[in-house]
Amino acid sequence: MYRDHRNARVRGPLHWPAGVRAGLRSPPGPAPAPVPAPLLLLYPLPAPPAEILAGRRPLLSREKMGSRSASEEKAGSRQRLQVKVNEYKENQNITCVSLRPVQTTVLGKTPKVYLVPFSLSNYKSDQFKHPKSLLNKNSNNEFVCKKCKKTEIRKTCRRILTPKMEATSSKTESTLQKSSLDVCTESNKRQHKSTSDTVIPSVDMESIQNLDSDEDTTLGLSAARLREMIKKRQPPESKRKMPKKRENGTGCRRSMRLLKVDPSGVSLPATPTQPTLIADENPLLPPGPLEMTPENRDDDNDLFKGFLQTWAEVSKTNIKNTEKELSSIKNYKANLNGMVINEDTVHKVTKGPILSVALHPSEIRTLVAAGAKSGQVGLWDLTHQSEEDGIYVFQPHSQPVSCLYFSPANPAHILSLSYDGTLRCGDFSRAIFEEVCRDERSSFSSFDFLGEDASTLIVGHWNGNISLVDRRTPGTSYEKLINSSLRKIRTVHVHPVHRQYFITAGLRDTHIYDARHLNPRGSQPLISLTEHTKSIASAYFSPLTGNRVVTTCADCKLRIFDSSCISSQIPLLTTIRHNTITGRWLTRFQAVWDPKQEDCVIVGSMAHPRRVEIFHETGKQVHSFFGGECLVSVCSINAMHPTRYILAGGNSSGKIHVFMN
């Protein structure tokens, strides 16, 4: 069957010559008479438009370009190289050629020809051209196709019939390919039969070369036209025309002062520029002792002098903590229920958040000390009837005061440690803040008394170092600097019974060291508590026996360890779920022991209504302090009186809340 390349419909059987049909069905016997080959007619292509020959692109709108290109391709495909196989008739001249195959009835078997498109990428222009040498050899216009061998034709057909066919770019290419394929097929059949030589009319070689050149020009133009259709036309960039400068126009007026010209037109001399110094927000205070001068009072205030004299006399009697039997939880709860808060026991003491709180151990009077983030140290005497008369604020430091203690040997001394690298001792009897230790290269985080007489101290640094300070030696430098195994140290606390041991709270780990085996180059801890998953805020021994350790961690857990036997490992006793996420603007929680009841822990709370909670070492809640309208903020830092039922809590605005009987 014959398949048209334009609409791919069956038009009917091909009209083959009688000799060809007989050759297909001929039985074995003598060879039949040679059959003349069909005539190949070549139609020339039309000339390209005059606009293209002149080198100009035809001006067409984008909408008409698609329709016109399609019509041109259809017209070109009709006028391209056509190959028509007609029946050869002897003693007759060919006057016309039919473009459509003649439908006739053929008895017997009918050969079928299938036309398949192939890509021009595999097409070679010299594949189907007849060289001049072969045409010159045959004087009788006989031509033998030596290049088109049987094996090469099979390979070409297999390559064409592969499922991965490459789509042709236009109908023009497909038409040219089909015409070439017909020529190849006919030559293949003539060679396969090998009955006689193929006779073709003589063809002018110059016309064939001109035809090939016309085909290449048409293909190139159609491909270029398709690329232009695909590409989007970019509008020409319009450049803004800059206005011309006026040569004789008057310019804008300018200040002669800015031009540094005096009214007479003479330029002024250049003033030397002085380097601007950036002032430090928190400059360090001068070294040496500082006078204890309250910022909220006058220097010659008689009331303040009486305050200092009173506390100097009260502190003469040393108060020693003697071991007592722990009271029962029932009695302890009853005493806690009697502690209340009112408007007279709430007052703003310092400016800014409170980071440390301490209670004077006096049995007669109540004195609360608070260390603020601004570097202030505030003292509040609650025995005065008027609140304003009992509050005194001092500025011994320039950065936050993170640790504050009354001296166990002399309660008239209050020691304060700050981030600015200074440790000072406030003496009520002399009304000065004496400098104990100073290190401008490092920042202090916490300290504790290594000896019972408070003569030696152990100081923790934010960079992970530990320093030993002896107050009896002259000068303000440390005696020994030890490099610990922690990157940061937040708190330091000494064992109350075996004072050679102390515990440090780092970023993720809690270590226990022996002060007798500290190496300046690097010390390894005796015990490491690695149960924490986030940063640790504090770690403290129990106040009387030191048999327990409580830690506060950012993973919302309070952990209690058994430190009764300090060996290679300390077991974990209890884990208490507690919200310790205070955020950026609130001071972090630090769980501390009650000095009177060392099996109970005091800690602030984020719950509503605001409260301060007490937990037993077993994890049970013992008591919650509610203040109603008097307690409407979070008390992050809390401290309990060593012998009396007085609780003081500080919040992040500088207020002190006191619960007492």
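Residues numbered from 1 in each chain as written. Predicted model: local features only at pLDDT ≥ 70, side-chain atom pairs only at ≥ 80, totals over all residues. Heavy atoms only, no water.

## Some thoughts on the side chain of Thr574
Next, step 1: With respect to the element layout, Thr574 can be found in strand β22 (residues 572-577).
Next, step 2: The exposure class of Thr574 is buried, given its relative accessible area of 13%.
Next, step 3: Polar contacts involving the side chain of Thr574 include one to the main-chain carbonyl oxygen of Glu617, which spans 2.7 Å.
Next, step 4: Apart from residues lying up to four places away in sequence, Thr574 is in contact with Leu558, Arg559, Ile560, Glu617, Thr618 and Gly619. (Helix = DSSP H or I, 4+ residues; strand = E, 2+ residues; numbered from the N terminus. Buried < 20%, exposed > 50% of the residue type's maximum accessible area, 1.4 Å probe, protein only. Polar contact = N/O pair within 3.5 Å; in protein donor to acceptor, adjacent residues only side chain to side chain. Contact = heavy atoms within 4.5 Å.)

## What about the pairing of strand β16 (residues 501-505)?
Next, step 1: Counting buried positions over the five residues of β16 gives five, a clear majority of the element.
Next, step 2: Where strand β15 (residues 491-494) lies against β16, four bridges are found, and the strand directions are antiparallel. Its bridge partner being in β16, His493 is matched across the sheet by Ile503.
Next, step 3: What sits between the antiparallel neighbours β15 and β16 is a turn of six residues. (Pairing = 2+ DSSP bridges.)

## Thoughts on the environment of Pro283
Next, step 1: Note on placement: Pro283 falls in the loop between α7 (205-230) and β1 (290-291).
Next, step 2: In sequence terms Pro283 and Gln399 are 116 residues apart; their C-alpha atoms lie 8.7 Å from each other.

## Here we look at helix α8 (residues 302-314)
Next, step 1: For α8, which comprises 13 residues, the first-to-last C-alpha distance of 19 Å matches the rise-based estimate of 18 Å (1.5 Å per residue) to within 8%.
Next, step 2: Listed in full, the buried residues belonging to α8 are Phe304, Phe307, Leu308, Trp311, Ala312 and Val314. Buried residues in α8, looked at end-on, bunch into an arc of 165 degrees, giving them a common side. Residues of α8 that are exposed and point over 90 degrees away from its buried face: Asp302 and Gln309.
Next, step 3: The secondary structure elements touched by the buried residues of α8 are β4 (367-372), β5 (377-381) and β6 (391-394). (Expected span 1.5 Å × (residues − 1). Arc of directions from axis to C-beta.)

## Details of the sheet that holds strand β3 (residues 354-359)
Next, step 1: Pairing within the open sheet is antiparallel, and its four strands lie in the order β3-β4-β5-β6. Sheet topology places β3 and β6 at the edges, where each strand pairs with a single neighbour. Each strand axis lies, on average, 20 degrees off the axis of its neighbour in the sheet, ignoring direction.
Next, step 2: Judged from the five bridges that link them, β3 and β4 form a sheet pairing that is antiparallel. Residue pairing across strands places Ile354 opposite Ala372, the latter belonging to β4.
Next, step 3: Packing of α8 onto the sheet brings it into contact with β4, β5 and β6, and relative to β6 it is tilted by some 90 degrees. (Axes fitted to C-alpha atoms, helices over the stretch in contact; angles between N-to-C directions.)

## Section: the pattern of salt bridges
A side chain of one charge can pair with a side chain of the opposite charge if their charged atoms are brought near each other.
Next, step 1: Throughout the structure, instances matching the rule amount to 13 salt bridges.
Next, step 2: Between Arg441 and Asp439 there is a salt bridge whose closest N-O contact spans 3.9 Å.
Next, step 3: Put simply, Arg424, Glu435, Arg438 and Glu440 are held in one network by salt bridges that share partners. (Salt bridge = Lys/Arg side-chain N within 4 Å of Asp/Glu carboxyl O.)

## Let's talk about the confidence of the model for the protein chain
Next, step 1: For the protein chain, the mean per-residue pLDDT works out to 74, and 60% of the residues sit at or above 70.
Next, step 2: Within the model, pLDDT remains below 50 along residues 37-43, and this stretch shows 23 contacts once partners closer than five positions in the same chain are excluded.
Next, step 3: The model gives residues 74-109 a pLDDT under 50, and that stretch makes 58 contacts with residues more than four places away or in other chains. (pLDDT = per-residue confidence, 0-100.)

## Description of the packing of aromatic side chains
Next, step 1: One pass over the structure, following the stated rule, counts 14 aromatic pairs.
Next, step 2: Centroid distance Phe304 to Phe307: 6.3 Å. Interplanar angle 25 degrees. Geometry classified as stacked. Within this pair, Phe304 and its partner Phe307 are both found in helix α8, separated by three residues, close to a single helical turn. Each member of the pair, Phe304 together with Phe307, is buried.
Next, step 3: When the centroid spacing of 5.9 Å and the interplanar angle of 50 degrees are considered together, the rings of Phe304 and Phe394 count as tilted. Here Phe394 lies in strand β6 and Phe304 lies in helix α8, a separation of 90 residues in the sequence. The pair formed by Phe304 and Phe394 is uniform in burial state, with each residue classed as buried.
Next, step 4: Linked through ring pairs, Phe304, Phe307, Trp311, Tyr392, Phe394, Phe428 and Phe433 together constitute an aromatic cluster.
Next, step 5: Stacked on the ring of Trp311, the Lys or Arg Arg365 has its end atom at 5.9 Å from the ring centre. (Phe/Tyr/Trp six-rings, centres within 6.5 Å; stacked < 30°, edge-to-face > 60°. Lys NZ or Arg CZ within 6 Å of the ring centre and 35° of its normal.)

## Let's talk about the environment of Glu435
Next, step 1: Checked against the element boundaries, Glu435 lands in strand β10 (residues 432-438).
Next, step 2: Polar contacts involving the side chain of Glu435 include one to the main-chain amide nitrogen of Gly288, which spans 3.1 Å.
Next, step 3: A polar contact is formed between the side chain of Glu435 and the side chain of Arg438, at a distance of 2.8 Å.

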